[in-house]
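# Descriptive structure summary
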Amino acid sequence: MTEKGPDDGPFRVTVRPAGTTFEADAGRTLLASALLAGVEGLPNSCRNGTCRACLQPLHRGEVAYRIPWPGLLPEERTGGWVLPCVAFPRSDIELGG
Ligand code: FES
């Protein structure tokens, strides 16, 4: 049996502007955790990091990607934008707005 550590979550995700919150584990994408929690209103389409429909500003927190270069421009990636359909939380997160 593998024990969960503090890096595995769950992390608290807050969605602006409504302030909706949900919990997200490190092993599940932000979008998948939102849908699992019944959170509605996060735009999405392809769910594989290519269409950019889910693009959101990341105000706080860290994410990781399992695919080498999701559909973000380099300046978006460094400028605090995130694709929730392929982004895995590594801390508490605040996004949207
Ligand atoms: S839903 Fe298409 S990039 Fe996220």
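None of the values given here were measured: they were computed from a predicted structure.

Pairing of strand β3 (residues 56–60) with strand β5 (residues 81–82), which is carried by two bridges, proceeds in the antiparallel orientation. Within the sheet, the bridge partner assigned to P57 lies in β5 and is W81.

We now examine the sheet that holds β5. One open sheet holds the five strands; their spatial order is β2-β1-β7-β3-β5, and the pairing between them is mixed. Edge positions in the open sheet fall to β2 (20–24) and β5, since each of these has one partner strand only.

Once that is clear, we can look at the confidence of the model for the chain. Counting all residues, the mean pLDDT for the chain is 93, and 97% of those residues have values of 70 or more. When the elements of the chain are averaged for pLDDT, helix α2 (residues 74–78) gives the smallest value, 89, and helix α1 (residues 30–36) the largest, 98.

Take the pairing of strand β7 (residues 93–96) next. Two strands pair when backbone bridges link them, and strand β1 (residues 11–16) and β7 are joined in this way by four bridges, in the parallel orientation. Looking across to β7, one finds that V13 is bridged to I93. As judged from the two bridges shared by β3 and β7, these two strands associate in the antiparallel manner. Paired with L58 across the bridge in β7 is L95.

Our next topic: the nonpolar core. Membership of the largest hydrophobic core comes to 20 residues, with the highest contact counts inside it found for F22, L30 and L95. For this core, the secondary-structure elements that each account for two or more residues are β1, β2, α1 and β7. When residues in this core are grouped by element, the largest group, three residues, is from α1. Once residues within four sequence positions are removed from consideration, L30 is found in contact with V13, F22, A24, V63, P84, A87, P89, I93 and L95.

About the cut-offs
Per chain, residues are indexed from 1 in the order of the written sequence. Confidence filtering applies because this is a predicted model: local features only for residues at pLDDT of at least 70, side-chain atom pairs given and counted only at 80 or more, and all residues used for totals across whole chains, interfaces and linings. In computing side-chain values, all of the structure's heavy atoms are included and hydrogens and water are not. In this scheme, strands are said to pair when DSSP sees at least two bridges between them. The secondary structure listing takes helices from DSSP runs of H or I that are at least 4 residues long and strands from runs of E that are at least 2 residues long, numbered from the N terminus. Confidence of the predictor in every single residue is expressed as pLDDT, which spans 0 to 100. Residues belong to a common nonpolar core when they are buried Ala, Val, Leu, Ile, Met, Phe, Trp, Tyr or Cys residues joined through side-chain atoms within 4.5 Å. Relative accessibility thresholds used throughout: buried, under 20% of the residue-type maximum; exposed, over 50%; partly exposed, between the two (1.4 Å probe, protein chains only). The contact criterion used throughout is that any non-hydrogen atoms of two residues lie within 4.5 Å.

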